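# Chain and residue survey
Okay, here's what each chain looks like letter by letter:
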There are 6 protein chains.
Amino acid sequence: MRALFIGRFQPFHLGHLFILKEILRENEEVIVAIGSAQLSHTVRDPFTAGERFIMIKRACEGAGIDLARVHILPIEDIHRHALWVRHLETLVPTFRRVYANEPLTVRLFVEAGYEVRKTEMMRRNEYSGSEVRRRMIEGLEWRSLVPPGVAEIIEEIDGERRILDISKSDAK
Amino acid sequence: MRALFIGRFQPFHLGHLFILKEILRENEEVIVAIGSAQLSHTVRDPFTAGERFIMIKRACEGAGIDLARVHILPIEDIHRHALWVRHLETLVPTFRRVYANEPLTVRLFVEAGYEVRKTEMMRRNEYSGSEVRRRMIEGLEWRSLVPPGVAEIIEEIDGERRILDISKSDAK
Amino acid sequence: MRALFIGRFQPFHLGHLFILKEILRENEEVIVAIGSAQLSHTVRDPFTAGERFIMIKRACEGAGIDLARVHILPIEDIHRHALWVRHLETLVPTFRRVYANEPLTVRLFVEAGYEVRKTEMMRRNEYSGSEVRRRMIEGLEWRSLVPPGVAEIIEEIDGERRILDISKSDAK
Amino acid sequence: MRALFIGRFQPFHLGHLFILKEILRENEEVIVAIGSAQLSHTVRDPFTAGERFIMIKRACEGAGIDLARVHILPIEDIHRHALWVRHLETLVPTFRRVYANEPLTVRLFVEAGYEVRKTEMMRRNEYSGSEVRRRMIEGLEWRSLVPPGVAEIIEEIDGERRILDISKSDAK
Amino acid sequence: MRALFIGRFQPFHLGHLFILKEILRENEEVIVAIGSAQLSHTVRDPFTAGERFIMIKRACEGAGIDLARVHILPIEDIHRHALWVRHLETLVPTFRRVYANEPLTVRLFVEAGYEVRKTEMMRRNEYSGSEVRRRMIEGLEWRSLVPPGVAEIIEEIDGERRILDISKSDAK
Amino acid sequence: MRALFIGRFQPFHLGHLFILKEILRENEEVIVAIGSAQLSHTVRDPFTAGERFIMIKRACEGAGIDLARVHILPIEDIHRHALWVRHLETLVPTFRRVYANEPLTVRLFVEAGYEVRKTEMMRRNEYSGSEVRRRMIEGLEWRSLVPPGVAEIIEEIDGERRILDISKSDAK
C-alpha cells in the first residue's frame with residue numbers, strides 16, 4: 001500500500017518526522033507532498049519548494065529511513081479547490097490512503113473517494129511550523145523542534161535572517 | 001431588450017428568484033451570469049459552477065419561467081478589474097442593461113457605458129446567500145429560503161455536510 | 001439519463017443539429033459544451049463563446065427543441081490534458097454518457113470511466129465547420145450548411161468580414 | 001549608473017517626486033517601475049497602469065526633469081516571490097542600484113545581490129498614497145499632495161468618483 | 001492627438017524608425033507598444049522586453065526625437081484575442097489612432113472602433129525584423145539595417161551569439 | 001558537487017539510465033528534473049509527471065543506484081524562457097553543473113552562469129524517446145529500449161493503448 005502525506009512543511013519539524021515514521025509502519029511506501037510549492041518569502045511560507053525538499057530528504061537520511069520507500073514531491077496550488085485532488089494525482093505516483101489534517105484538504109480527498117487518516121491524532125500539537133517560525137522571528141531557541149539536518153539547511157540559506165526581514169513586511 | 005443579472009448564487013435563493021421574475025417583467029430576455037465560477041468548497045463559495053447552474057435551471061422550471069428567455073452562464077474571475085467587463089462580454093450574448101448590487105461591479109459596468117439597475121432595492125435583504133450558508137453550518141432550518149428545486153440539489157450533493165466540514169478549515 | 005455533447009461549434013451547423021436531435025432521442029437531457037471557449041478571431045476559431053452560445057440557442061428554438069432538456073455551457077481550455085475532464089465536470093451538471101468525435105477527447109473520457117459514443121458515425125462528415133469557414137473565406141455559398149438562426153447571427157456580427165480579414169493573418 | 005525606483009504610485013505624489021529628484025542627483029538614469037500594474041479599481045489600487053504611467057510622465061515634465069534619463073515601465077505581479085526579481089529584470093533595462101521601501105521588496109533584491117537604498121529616509125512619511133486616497137474618499141483637499149499634472153489627470157478620468165464608488169464595495 | 005504604434009520590434013530597425021518619424025509628423029504623441037513582451041530566446045523573438053525597450057529609447061535619442069512625445073511600453077500577450085485590445089488599453093495612456101500592419105491586429109482594433117492606418121504602405125518591406133535575424137544567424141552583415149544605438153545594445157548583450165545558439169533548437 | 005540532469009523522459013529509456021550512471025560517476029548527487037511536467041496524453045508527451053516519476057525511481061532501484069544520491073523532481077513549463085532557469089532554481093535543491101542536450105536549454109543555463117555538459121556526446125542517439133514512442137504506435141518491439149521497471153509501469157497504466165489512441169488525434 002502506498003500512502004500520501006500532505007503538508008506545507010514550513011519547515012519540516014520533529015512532529016512531521018514522527019508522523020512519517022508512523023506512516024511507514026502502516027504502509028510500504030509514502031509520498032511526501034510539499035503543498036503550496038510556489039510560495040516562499042512570507043512569514044507563513046518562508047522557504048522555497050527546493051529548500052523544503054532538501055530539508056525533508058536530509059531529515060529522512062538522518063533518521064535512517066529507507067529512501068526507496070519515500071517519494072518527496074512539490075505540489076503547486078491550483079486555486080480551484082474542485083480540481084486540486086486531480087491536479088495532485090497527475091503529479092505523483094498512485095496512492096490509496098491519505099494522511100492529512102486540514103479540514104478542507106480532508107474534505108476534498110473524501111469527496112474524491114480516498115480513505116483519509118487525520119494526523120492531528122498523531123501528536124501534531126506538540127510541534128508546529130508556526131511555533132518554529134514564531135521563535136525564529138522573536139530570536140528564541142527553535143533548533144530543538146526540528147531534525148538536525150533541517151537546522152543545518154536553514155543556517156546555510158540564512159533562513160532566520162530571511163524570516164526576520166520579511167516579518168516587517170505586510171506581503172507583496 | 002436583453003438584460004444581464006450577475007451574482008455568485010451561493011446558493012440561488014428566493015430573493016434571486018424574485019429579482020429574476022422582476023427582470024423578466026421589464027425585459028424580453030435575461031442572462032443569468034454565475035460569477036466567481038471557478039470557486040467552490042469554501043464557506044463563502046461552497047458550490048461549483050455546475051452545481052449552481054443546475055440549481056438555477058431547476059428553480060426556473062419550478063417557477064414556470066420560459067427557458068427560451070433565460071440564458072444561464074458561468075463566468076470565471078479574471079483578477080484584473082479593468083478587464084472584467086470585457087471578459088464577460090466575450091462569454092455571453094450581447095446585452096444592454098445590467099442588474100447588479102455590489103458597488104465595484106456597478107462601477108465597472110457604469111465605466112463601460114451600461115445602464116445599471118441596483119437589485120438591492122428589489123427586496124434583496126430579506127434573503128441572502130450568507131444567511132442560507134450560516135444556517136447550514138449551524139444546523140438551522142434553511143430550506144424555506146430557497147426554491148424547492150435548489151433544496152433537492154443541495155441534498156443530492158450532500159451540500160450541508162460539505163459546508164459544515166469546510167467551515168472548520170481556514171481555506172487552502 | 002443526462003448526456004454530454006462536446007464540440008467547438010465554429011460555427012454550429014446542420015450536422016451538429018442532426019446529432020443533437022439524435023442525442024435527445026436517446027437521452028432525457030443533453031449538455032452542449034462549447035469547447036475552447038476562450039478562442040475567437042482566428043481562422044479555425046472565428047467566433048467568441050458568447051456568439052456561439054446564442055447561435056446554438058437560436059438553432060434549438062428554430063428546430064422546436066425543448067430548452068428545458070438542453071444545457072448550453074462554455075468550457076475554456078485548461079492546457080493540461082490530464083486535468084481537462086475534471087475541469088469540465090466542475091463547470092457542468094453531472095452526466096453519464098459522452099458524445100464526442102476527436103480521438104484525444106474520446107481517450108480522456110474513456111480513462112475517466114465514461115461511456116463514450118462517437119459522433120462521426122452520425123453523418124458528421126457531410127457537414128463540417130472547416131467547410132463552412134472555407135466557403136466564407138472564398139466567398140462561396142455557406143448559408144445552406146447552417147440552421148437559419150445561425151446564419152442570421154453571423155450576419156448581425158459581420159462574421160464573414162471578420163473571418164476574411166483574419167485569414168490574411170498568421171495569428172497573433 | 002542606472003538605478004531602479006519601485007513603487008505602486010497610487011497615485012504618484014510629491015513625496016515620490018522628491019525621491020525621484022534625489023535619485024537623479026545620485027544616478028545618471030532611473031527606471032521608475034510601476035508595481036502591481038495589473039491592479040486597478042480597488043480602494044488601495046484605484047488607477048490602471050496606463051493612468052499611472054501618464055501621471056508620472058506629466059509630473060516629470062512639470063518638474064523639468066530630462067525624460068532621456070527616466071524610464072517608466074509597468075510591472076505586473078507574478079505571485080511567486082522567489083521569481084519576482086527575475087521577472088522584473090526581463091522587463092526593464094539593466095540596473096545596479098535599487099530604491100525601495102517595503103521590507104519584502106528590499107529582502108528580495110538583497111537576496112538577488114543588489115545594492116538597496118531605503119526610501120523611507122527620504123521624507124516618505126510626509127506624503128503617502130494612502131493619505132491621498134483617504135482624503136479623496138472623505139471629500140477632503142488632496143490636490144496639494146500631488147504634482148499639478150497628476151491632479152489634472154485624476155480629474156480627467158473622474159478618479160475621485162471612482163474611488164468613492166468602490167470604497168462602498170468589499171472587492172470583487 | 002496621441003497615436004499607438006504596435007509591433008514586436010525584434011529588433012527595432014530603420015524601417016521602424018522611419019515609420020516612427022512619420023507618425024510624429026502626423027500626431028503630437030506616440031505610444032510605442034512592444035508586443036509579445038513576455039517572449040525572448042527564440043529565433044523569432046530573441047530579445048527580452050527590457051532589451052527592446054532600451055534599443056528603442058537609444059534609437060530615438062540617436063535620431064534626435066523629443067522623448068516627451070514618445071511613450072515606450074511593453075505589452076504581454078493575453079492569448080485571448082477578444083480581450084487583447086482592452087488589455088492593452090489598461091496598460092497605456094489613452095490614444096485615438098493606431099498604426100499597425102498585421103491583419104489580425106488591424107481587425108481587432110477596427111472591431112474596437114479605432115481608426116487604423118496600415119504601416120506597410122510606409123516602406124515597411126525594405127526593412128524587416130526577420131531579415132535582420134536571418135542575417136545574424138547566417139553570419140552576414142546586419143548592422144546597416146538598424147540604428148547605431150540598436151547595434152551597440154545587441155553587441156553588449158552578445159545577441160548574435162544568443163540567436164545563433166537557439167537557432168539550433170526547436171523551441172522549449 | 002550536485003548536478004542537474006534535465007529531460008522530458010517520455011519515457012525514461014536505457015540511454016537516460018546510461019547518462020545517469022555517468023553523471024553519478026562524476027558527481028556526488030544528481031537532480032533528475034522532469035521537464036514539461038504539466039504535459040501528458042499527447043504523442044510527444046504521453047505520460048504524466050507522476051507516471052514518469054515512478055518510472056525513473058523504479059529504473060534506479062533496478063540498476064542498484066543509491067537513492068540518497070538521486071533527487072527526482074517535476075518541473076512545469078513556465079512559457080517565458082527568460083524566467084525558466086530561475087523558476088527551476090526555486091523548485092530544486094541548489095546545483096552547480098548541468099547535463100542537458102537541447103540547444104535552447106543549454107543557452108539558458110549558460111546565460112545564467114552554469115557549467116553545462118552536453119549529453120549528446122554520451123551515446124544519446126542510440127536510444128531516444130521518440131523512437132520508443134514510434135515503436136509503440138506502430139506495434140513494434142520497444143521493451144528492449146527501456147529498463148525493465150519502466151516497461152512494467154507502462155503496462156500497468158495501459159500506456160501502449162493510450163499512445164495509440166491519441167496518435168489518431170491532432171491535439172486538443
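I will try to describe carefully the structure that is included in this document.

Basis of the calculations
Residues numbered from 1 in each chain as written. Chains lettered and ligands numbered in written order. Predicted model: local features only at pLDDT ≥ 70, side-chain atom pairs only at ≥ 80, totals over all residues. Helix = DSSP H or I, 4+ residues; strand = E, 2+ residues; numbered from the N terminus. Rg over C-alpha atoms; globule rule 2.2 N^0.38 Å. Buried ≥ 20, exposed ≤ 12 C-beta atoms within 10 Å, placed from the backbone. Least-squares fit on C-alpha atoms with pLDDT ≥ 70 in both. Contact = placed C-beta atoms within 7 Å. Nonpolar A, V, L, I, M, F, W, Y, C, P; charged D, E, K, R; others polar. Pairing = 2+ DSSP bridges. Axes fitted to C-alpha atoms, helices over the stretch in contact; angles between N-to-C directions. Right-handed = clockwise from strand over helix to strand, strands pointing away. Parallel < 35°, antiparallel > 145°, perpendicular 65-115°, else oblique. Arc of directions from axis to C-beta.

## Observations regarding the overall build of chain A
Helices and strands together make up the secondary structure of chain A, namely seven helices and five strands. Taken from N to C terminus, the helices and strands of chain A fall in the order β-α-β-α-β-α-β-α-β-α-α-α. Against the compact-globule benchmark of 16 Å for 172 residues, chain A has a radius of gyration of 16 Å, which places it among compact chains. Per-residue burial over chain A gives 51% buried out of 172 residues.

## Some details on the relation of the copies chain C and chain B
Of the transformation placing chain C onto chain B, the axial shift is 0.0 Å and the rotation is 180°, giving an RMSD of 0.0 Å. What the rotation and shift describe, once combined, is the action of a two-fold rotation axis. The overlap is high: 100% of the interface residues of chain C also sit at the interface in chain B, so the same surface is used on both sides.

## Quick notes on the arrangement of the chains
A minimum C-alpha distance of 19 Å separates chain A and chain E, which share no contact. Contact between chain B and chain F is absent, and the least distance between their C-alpha atoms amounts to 19 Å.

## Section: the relation of the copies chain C and chain A
The two copies are related by a screw motion: chain C maps onto chain A through a turn of 180° and a shift of 0.0 Å along the axis, at an RMSD of 0.0 Å. Here 100% of the contact residues of chain C are again contact residues in chain A; the copies associate through an equivalent surface.

## Comments concerning the interface of chain C and chain B
How big an interface is tends to be reported as the loss of accessible area on association of its parts. Between chain C and chain B, the contact holds 19 residues from the first and 19 residues from the second. Looking at the side of chain C that touches chain B, the elements with two or more residues in it are α2 (49–62), β3 (70–74) and α3 (81–91) of chain C. Broken down by element, the side of chain C that touches chain B gets its largest block of residues, six residues, from α2(C). Residues belonging to the side of chain C that touches chain B are distributed by class as follows: eleven nonpolar, five polar and three charged.

## Quick look at the sheet that holds strand β3 (residues 70–74) of chain A
Backbone hydrogen bonds hold the strands of a sheet together, and the pairing may be parallel or antiparallel. Residue and element names in this part refer to chain A. The strand order across the open sheet built from five strands is β3-β2-β1-β4-β5, with neighbouring strands paired in parallel fashion. Only two strands of the sheet have a single partner each, and these edge strands are β3 and β5 (115–118). With direction set aside, neighbouring strand axes in the sheet form an average angle of 25°. Sheet topology places strand β4 (residues 97–100) next to β5; four bridges connect them, and they run parallel. In the strand pairing of β5, Ala100 is matched with Lys118.

## Regarding helix α3 (residues 81–91) of chain B
Burial runs high along α3(B): eight of the eleven residues are buried. For α3(B), the full list of buried residues reads His81(B), Ala82(B), Leu83(B), Trp84(B), Arg86(B), Leu88(B), Thr90(B) and Leu91(B). Contact partners of the buried residues in α3(B): β2 (29–34), β3 (70–74) and α4 (103–111) of chain B, α2 and β3 of chain C together with α3 (81–91) of chain E.

## Topic: the interface of chain C and chain A
The partner chain A presents five residues to the five residues of chain C that form the contact. Taken together, the residues of the side of chain C that touches chain A break down into two nonpolar, two polar and one charged.

## With respect to the pairing of strand β2 (residues 29–34) of chain E
All names here are of chain E. Counting buried residues along β2, five of its six residues qualify, which places the element largely inside the surrounding structure. Bridge count for strand β1 (residues 2–7) against β2 is six bridges, and the pairing is parallel. By the bridge assignment for β2, Phe5 is matched with Val32. Note: β2 against strand β3 (residues 70–74), five bridges, orientation parallel. Bridge pairing in β3 links Ile31 to His71. Chirality of the crossover, the property in question, places the unit of β2, helix α2 (residues 49–62) and β3 among those that are right-handed.

## What to know about the packing of helix α4 (residues 103–111) of chain A against helix α7 (residues 159–166) of chain B
A pair of packed helices is characterised by two quantities: the angle between their axes and the separation of those axes. In the contact formed by α4(A) and α7(B), the axes pass within 8 Å of each other and the chain directions differ by 150°. One finds that α4(A) runs roughly antiparallel with respect to α7(B). Taking contact as the criterion, the partners of Pro103(A), Leu104(A) and Arg107(A) in α4(A) are, on α7(B), Arg162(B), Asp165(B) and Ile166(B). A per-class count over the contact of α4(A) with α7(B) returns three nonpolar, no polar and three charged.

## Some thoughts on unusual backbone geometry
Cis geometry marks the peptide bond from Gln10(A) to Pro11(A); its omega dihedral reads -5°. Structurally, Pro11(A) is set in the loop between β1 (2–7) and α1 (14–26). Even without being glycine, Asp158(A) reaches a positive phi, approximately 60°. The residue Asp158(A) is located in the loop between α6 (148–156) and α7 (159–166) in this model. For His41(D), which is not glycine, the phi torsion reads 60° and is therefore positive. Secondary-structure assignment places His41(D) in the loop between β2 (29–34) and α2 (49–62). By C-beta crowding, His41(D) is classed as buried, having 24 other C-beta atoms within 10 Å.

## Remarks on helix α5 (residues 129–138) of chain C
Residues and elements named next belong to chain C. What α5 keeps buried is the set Gly129, Val132, Arg133 and Met136. Along the axis of α5, the buried residues cluster in a sector spanning 95°; they form a single face. Opposite the buried face of α5, at more than 90 degrees from it, the exposed residues are Ser130 and Glu138. Buried residues along α5 sit in contact with α7 (159–166).

## With respect to the environment of Ser169(F)
Its location among the elements puts Ser169(F) in the segment after α7 (159–166). On the neighbour-count criterion, Ser169(F) (17 C-beta atoms within 10 Å) is partly exposed. Between the C-alpha atom of Ser169(F) and that of Met1(F), which follows or precedes it by 168 residues, the distance is 44 Å. When residues no more than four places from it in sequence are discounted, the contact partners of Ser169(F) are Glu102(C), Pro103(C) and Leu104(C).

## Comments concerning the environment of Leu24(D)
Residues and elements named next belong to chain D. Looking at the secondary structure, you find Leu24 in helix α1 (residues 14–26). C-alpha of Leu24 to C-alpha of Asp66: the two residues are 42 residues apart in sequence and 9.7 Å apart in space. The residues contacting Leu24, other than those within four sequence positions of it, are Val30, Ile65 and Arg69.

## Regarding the sheet that holds β3(E)
Residues and elements named next belong to chain E. Read across the open sheet, the five strands follow the order β3-β2-β1-β4-β5; overall the sheet is parallel. Only two strands of the sheet have a single partner each, and these edge strands are β3 and β5 (115–118). For this sheet the average axis-to-axis angle between neighbouring strands, irrespective of direction, equals 25°. Set on the sheet, α2 makes contact with β2 and β3; between it and β3 the angle comes to about 165°.

That is the geometry; function is a separate question.
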